[in-house]
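# Structure at a glance
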4 protein chains.
Amino acid sequence: MNIAFIGLGNMGGRMAHNLLKAGLTVYGYDLSEVANQHFAEAGGVVCDSPQAAAKQADVVITMLPAAKHVKEVYLGEHGVLETLKAGALCIDSSTIDPKTIQDIAEIAHSKNIKICDAPVSGGTIGAQAGTLTFMVGADESTYQAAKAVLGHMGKNVIHCGDVGAGQIAKICNNLILGISMTAVAEGMALGVKLGIDPKALAGVINTSSGRCWSSDVCNPWPHISENAPASRGYQDGFATQLMLKDLGLAVEAAGQVKQPILLGGMVQQLYQQMCMRGNAHLDFSSIIHQYLPEEA
Amino acid sequence: MNIAFIGLGNMGGRMAHNLLKAGLTVYGYDLSEVANQHFAEAGGVVCDSPQAAAKQADVVITMLPAAKHVKEVYLGEHGVLETLKAGALCIDSSTIDPKTIQDIAEIAHSKNIKICDAPVSGGTIGAQAGTLTFMVGADESTYQAAKAVLGHMGKNVIHCGDVGAGQIAKICNNLILGISMTAVAEGMALGVKLGIDPKALAGVINTSSGRCWSSDVCNPWPHISENAPASRGYQDGFATQLMLKDLGLAVEAAGQVKQPILLGGMVQQLYQQMCMRGNAHLDFSSIIHQYLPEEA
Amino acid sequence: MNIAFIGLGNMGGRMAHNLLKAGLTVYGYDLSEVANQHFAEAGGVVCDSPQAAAKQADVVITMLPAAKHVKEVYLGEHGVLETLKAGALCIDSSTIDPKTIQDIAEIAHSKNIKICDAPVSGGTIGAQAGTLTFMVGADESTYQAAKAVLGHMGKNVIHCGDVGAGQIAKICNNLILGISMTAVAEGMALGVKLGIDPKALAGVINTSSGRCWSSDVCNPWPHISENAPASRGYQDGFATQLMLKDLGLAVEAAGQVKQPILLGGMVQQLYQQMCMRGNAHLDFSSIIHQYLPEEA
Amino acid sequence: MNIAFIGLGNMGGRMAHNLLKAGLTVYGYDLSEVANQHFAEAGGVVCDSPQAAAKQADVVITMLPAAKHVKEVYLGEHGVLETLKAGALCIDSSTIDPKTIQDIAEIAHSKNIKICDAPVSGGTIGAQAGTLTFMVGADESTYQAAKAVLGHMGKNVIHCGDVGAGQIAKICNNLILGISMTAVAEGMALGVKLGIDPKALAGVINTSSGRCWSSDVCNPWPHISENAPASRGYQDGFATQLMLKDLGLAVEAAGQVKQPILLGGMVQQLYQQMCMRGNAHLDFSSIIHQYLPEEA
């Protein structure tokens with residue numbers, strides 16, 4: 001089985017590496033020469049264009065920054081859908097709005113090409129360790145085919161529904177995540193200001209109805225969750241600017257279907273304020289600085 | 001050990017009943033004749049006033065609607081602090097702002113009376129079953145003394161810190177709860193509108209970073225959590241108007257210490273809108289109707 | 001006509017001064033010795049208590065910080081309602097919630113004492129110059145009686161409706177003001193960031209549908225309105241903490257009648273954040289710092 | 001002078017009509033046959049494509065629904081920039097994000113084609129009557145050239161700055177408008193619920209610091225402004241869905257430059273909720289239904 005891997009950045013490069021380690025042949029492409037070089041050093045075959053990579057492939061995997069890049073690679077002037085043979089499989093692991101991948105899938109299906117969305121969670125650490133979670137949107141047989149490939153790069157491959165459902169699941173999860181993290185930041189900061197010990201407060205919350213991933217795994221108050229970014233200066237986590245990107249996708253997708261997301265619209269702007277003030281690279285739990293006298 | 005129990009309503013009546021079942025002598029008082037009668041039928045001694053009840057007591061427990069009632073009972077013209085002997089213990093299980101109980105405690109301490117705040121979670125079901133959780137604010141010895149009594153009415157008695165810390169913990173927990181419930185409602189409704197199956201979406205969230213009590217125990221979308229109010233028409237849960245009361249306490253306490261609660265201020269108003277539209281008695285997970293074409 | 005003036009602070013002291021300049025006899029009281037001394041120097045008669053001042057008076061004017069002080073002065077142990085003779089007139093110019101003055105009015109009326117609320121706008125400059133606007137809540141004859149007195153201290157005396165209506169009008173006006181100021185700050189900062197000249201943008205807004213007092217009289221961007229606080233470092237205006245107080249009254253009054261104020265709840269918290277960061281004394285148009293990379 | 005007019009819908013059709021009445025030759029194009037027919041009946045020359053219309057023209061005017069249509073008409077496969085001769089003038093009166101027109105302008109300038117953005121306010125009534133306001137973004141000479149043409153369709157032609165500044169001004173104005181309208185709705189509804197007469201309240205606001213276009217010209221409470229949509233069942237105004245579109249542009253533009261618009265993000269979602277509930281065609285002052293027990 002030959003694989004074409006388009007987009008060899010922080011995430012894609014590490015994912016492709018795991019495919020190579022599994023003994024697969026991988027044809028790769030990235031705009032960055034540095035990325036291509038790392039890929040070559042790991043045993044990958046660097047190609048001149050997405051199309052050149054796809055020509056050799058049974059499976060195409062894309063890991064790109066935004067919807068416009070995904071559209072360009074699949075549907076652009078030299079798009080891969082033109083070059084792939086019937087029966088090929090495309091897996092888009094980028095995080096984009098669901099409508100874009102659904103539109104691309106319609107065209108792919110008309111050419112008898114299988115396609116699924118499979119956005120990830122787990123970050124660069126999960127990408128390196130091969131422990132990513134994939135949220136897959138596809139029909140059953142495409143899902144099974146994708147799972148065989150994705151299993152080399154992650155440990156959970158969840159079938160969320162038809163094409164687009166992977167993106168929907170990721171967007172909705174991260175919408176809830178962004179809000180609940182802000183909620184925990186707000187509640188922790190209020191409690192401490194009112195005079196309670198932060199560890200005692202976290203103890204109550206984590207055994208009560210306020211409990212959430214943001215309180216028990218990744219608490220934004222320092223030294224509540226020892227392995228959380230808050231305990232190391234908000235470094236090396238899920239960057240504020242990436243949370244902002246995902247909230248932007250939620251707002252965009254909500255707008256497409258005229259669905260109000262009252263708190264999401266608000267929290268997007270709070271994260272934007274964080275980015276305006278130079279905190280784009282801090283872990284998104286640094287939103288707690290909205291609630292402290294001194295900024296991050 | 002004689003106990004005075006002031007406030008024999010939906011919660012207090014059930015709690016006092018458990019003390020009687022444990023064989024304790026309980027002197028009770030409530031403004032409602034019906035409440036007094038139920039208490040008498042269960043074996044309690046009905047008194048004419050809070051002070052009359054307190055005169056007989058080593059321990060006073062109060063379970064009242066709001067801060068003004070608590071102030072009146074402890075500090076009013078015929079308040080119980082005037083009648084209690086040194087060494088007595090007062091336990092306030094009402095949900096009020098922390099400053100009120102701290103102010104009362106200062107006066108109690110000057111009279112060598114022990115006092116603690118011990119707000120509860122668990123609702124009328126927990127009160128009846130004797131399975132409440134108490135969040136206690138007190139010094140260590142007062143906490144130990146209170147624990148011996150509270151153990152007859154609940155199964156968890158958590159020491160949160162000094163006087164007021166119980167209220168702080170409850171307020172902050174419920175602030176996070178109100179926001180995260182709204183977040184889950186928002187995310188579930190967006191996902192379903194975008195086309196994903198609600199069970200599949202909840203499955204992803206509950207194994208990912210969006211996971212919270214409001215998604216895995218009490219999901220606001222019907223028939224995700226079978227025992228949740230959402231699966232029985234939002235009946236028999238934690239009423240929207242009680243969540244509104246607790247969010248009001250959070251806004252008030254935050255105002256006292258000039259601490260911004262950006263999402264709390266917003267969510268308070270969303271719950272207020274629910275109450276304006278006649279949904280005060282529905283479970284607070286009915287906030288999902290903010291995200292549906294038809295109102296509750 | 002003898003007047004008792006209770007509360008001789010920044011506002012009340014200047015207002016009482018104008019009554020003295022008009023040749024009236026004024027009996028005054030304040031907790032602050034400095035305030036009393038200034039009042040005496042201006043020709044006022046300093047009294048030992050509110051009641052002592054009221055004993056001599058046909059008209060009582062109160063200008064106090066908050067509802068609890070107003071209740072204490074009128075209804076407290078030595079309250080002025082006990083000492084006033086039937087037919088006396090009380091004017092409360094404090095800014096408080098409408099319900100408090102309505103409750104006091106009910107008791108006053110039972111003693112045949114006339115009472116009205118008459119909160120002001122115009123700040124210390126208007127108080128000094130005698131150009132305040134009074135928003136009066138009273139029946140017609142009380143309004144006419146109050147107008148004769150208030151005319152010495154202000155140039156507009158508006159009849160808003162029955163007792164409480166003055167407070168309602170002020171609270172609602174300032175609610176709209178706090179939100180629209182924030183809106184103008186948001187729009188100006190967005191426009192400038194997108195590259196338009198601030199004067200050109202203000203020119204369009206002020207001749208279009210975005211026009212408001214906060215854009216054409218008191219624009220938060222420096223040097224758009226030359227006489228506005230924004231053009232002098234946000235000094236000497238309507239302090240952020242006073243706007244926060246008024247938004248707090250709006251949230252409280254809204255809560256009493258279960259009326260959602262969705263933006264008000266939000267803007268209250270944004271102003272609270274400003275105060276947390278040490279900007280309580282700046283003019284409320286300094287809210288524009290929420291939208292700038294550097295804080296105030 | 002020959003004019004090409006692309007987009008002959010509700011707005012464009014009426015605007016083109018005024019050019020014809022002024023005796024100009026107008027070549028028109030629209031996707032809708034009905035629109036083309038009305039245009040022909042008014043004396044216009046219907047063309048087969050934007051390019052066909054532009055071929056005859058010294059001036060191209062576009063009035064299109066969204067950025068993608070504008071891009072397609074100017075830059076698409078048969079875009080008008082390819083066919084226009086050097087020195088021609090393009091006027092885009094669509095309401096879109098500023099970046100799109102700035103990007104198009106860069107290409108136009110490289111071909112020595114003059115271009116400006118000139119979004120309008122005044123609605124279909126202003127378009128019909130020829131009383132629109134145009135907000136123009138262009139260098140001085142292009143502005144002067146555009147003004148000569150726009151004068152046939154409107155009465156105010158405001159020079160806002162360089163290319164894009166017209167869009168920026170419109171977006172920022174409408175952002176402030178959407179928020180201040182919601183603020184007035186919130187304040188009016190609160191006041192009336194608290195018991196003040198709506199006319200008395202509006203009287204105070206309109207002579208005080210809460211005054212804005214939304215309170216004195218277009219008050220959302222019925223029968224305050226007799227000519228406002230609120231006084232005729234919220235019909236025939238600036239539709240809720242158009243306000244939602246403009247708030248969407250503000251959120252998008254803000255995201256492009258990482259500028260937080262805290263209230264804008266919130267108000268966008270409140271308008272989206274209105275649209276979800278079937279009120280898209282009502283005037284945007286119908287946002288007051290967010291504050292009433294019964295929905296619109």
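Model, not experiment: these values are computed from the prediction. (Residues numbered from 1 in each chain as written. Chains lettered and ligands numbered in written order. Predicted model: local features only at pLDDT ≥ 70, side-chain atom pairs only at ≥ 80, totals over all residues. Heavy atoms only, no water.)

### Some details on the side chain of Gln273 of chain D
We apply this condition: Secondary structure elements are defined from DSSP: runs of H or I of at least 4 residues count as helices, runs of E of at least 2 residues count as strands, and each element is numbered from the N terminus. Here a polar contact is recorded for every N or O atom pair within 3.5 Å, except that within protein the pair must consist of a potential hydrogen donor and a potential acceptor, and residues adjacent in sequence are included only if both atoms are side-chain atoms. In this description, contact between two residues means that some pair of their heavy atoms is separated by no more than 4.5 Å.
Looking at where Gln273 of chain D falls in the secondary structure, it is placed in helix α12 (residues 262–276). At 2.7 Å, the side chain of Gln273 of chain D forms a polar contact with the side chain of Gln290 of chain B. Setting aside anything within four residues of it in sequence, one finds Gln273 of chain D in contact with Pro260 and Leu262 of chain A, Gln290 of chain B together with Gln290 of chain D.

### Description of the UniProt feature "domain: 6-phosphogluconate dehydrogenase NADP-binding" (unreviewed entry) in chain A
Going by this rule: UniProt positions are given in the numbering used here, feature names are shortened, and annotations may be inferred rather than shown by experiment.
The sites that carry the UniProt feature "domain: 6-phosphogluconate dehydrogenase NADP-binding" (unreviewed entry) are, in the present numbering, residues 2–161 of chain A. Annotated as 42% helix and 25% strand, the span residues 2–161 of chain A places its first and last C-alpha atoms 26 Å apart.

### Brief notes about the pattern of salt bridges
Applicable threshold: Basic side-chain nitrogens of Lys or Arg form a salt bridge, by our definition, when they fall within 4 Å of a carboxyl oxygen of Asp or Glu. Working definition: with a 1.4 Å probe on protein chains only, accessible area under 20% of the residue-type maximum means buried, over 50% means exposed, and in between means partly exposed.
According to the stated counting rule, one finds eight salt bridges over all chains in the structure shown. Of the charged contacts in the structure, one is a salt bridge between Lys99 of chain C and Asp103 of chain C, with a shortest N-O distance of 3.0 Å. Within this pair, Lys99 of chain C and its partner Asp103 of chain C are both found in helix α5 (residues 98–110), separated by four residues, close to a single helical turn. The exposure class assigned to Lys99 of chain C is partly exposed, which follows from its relative accessible area of 41%. The salt bridge involving Arg211 of chain D is made with Asp216 of chain C; its shortest N-O contact spans 3.1 Å. On the criterion of chain membership, the pair formed by Arg211 of chain D in the loop between α9 (198–206) and α10 (213–216) and Asp216 of chain C in helix α10 (residues 213–216) is interchain, its members lying in two chains. The class for Arg211 of chain D is buried, based on a relative accessible area of 16%.

### A word on the pairing of strand β1 (residues 2–6) of chain B
Residues and elements named next belong to chain B. Our working definition: Note on pairing: two strands pair once DSSP finds at least 2 bridges between them. Crossovers are marked right-handed if the path from the first strand over the helix to the second runs clockwise, as seen with the strands pointing away from the viewer.
Burial analysis of β1 places four of its five residues in the buried class, which makes it a mostly covered element. In this structure, β1 lies alongside strand β2 (residues 25–29), joined through five bridges in parallel fashion. Bridge pairing links Ala4 to Tyr27 in β2. Remark: the β1/helix α1 (residues 10–21)/β2 crossover connection has right-handed handedness.

### Overview of the relation of the copies chain B and chain D
As a reminder, the rule being used: Superposing the copies works by least squares over the C-alpha atoms of residues that have pLDDT at least 70 in both of them.
Least-squares fitting of chain B to chain D yields an RMSD of 0.0 Å, with the transformation described by 0.0 Å of translation along the axis and a rotation of 180 degrees. Considering both components of the superposition, the chain copies are consistent with a two-fold axis. An overlap of 100% is found between the interface residues of chain B and their copies at the interface of chain D, pointing to a shared contact surface.

### Focus: the UniProt feature "active site" (unreviewed entry) in chain A
All names here are of chain A. On the UniProt side, "active site" (unreviewed entry) is annotated at positions that read Lys170 here. As for its placement among the helices and strands, Lys170 is situated in helix α8 (residues 165–194). Exposure remark for Lys170: the relative accessible area of 10% places this residue in the buried category. If we skip the residues at most four places from it in the chain, Lys170 touches Thr95, Pro119, Val120, Met135 and Asp246.

### Quick look at the interface of chain A and chain B
Inclusion rule: Here's the idea: put two parts together, see how much 1.4 Å probe accessible area each one loses, and the total over both is what we call buried area.
Of the residues lining the interface, 57 residues belong to chain A; the matching set on chain B comes to 57 residues. Around 4,800 Å² of area is buried between chain A and chain B when both sides are counted, 71% of it from carbon and sulfur atoms. Contact with chain B buries surface across chain A, with Ile176, Leu194 and Leu263 of chain A losing the most and accounting together for 14% of the total. At the junction of chain A with chain B, the criterion picks out two salt bridges. On inspection of chain A and its partner chain B, the count reaches 20 residue pairs in polar contact (both at pLDDT 80 or more). Mapped onto the side of chain A that touches chain B, the elements with two or more residues apiece are β9 (154–161), α8, α9 (198–206), α10 (213–216), α11 (240–256) and α12 (262–276) of chain A. No other element matches α8 of chain A, which puts 22 residues into the side of chain A that touches chain B.

### Examining helix α4 (residues 67–75) of chain C
Residue and element names in this part refer to chain C. In plain terms, the rule: What the arc covers is the set of directions going from the helix axis to the C-beta atoms.
Of all the positions in α4, only Ala67, Val70, Val73 and Tyr74 are classed as buried. Down the axis of α4, the smallest arc covering the buried residues is 130 degrees, so these residues share one side. Among the exposed residues of α4, those oriented more than 90 degrees off its buried face are Lys68 and Glu72. Each element contacted by the buried residues of α4 is listed here: β1 (2–6), α3 (50–55), β4 (59–62), β5 (89–92), α5 and β6 (114–117).

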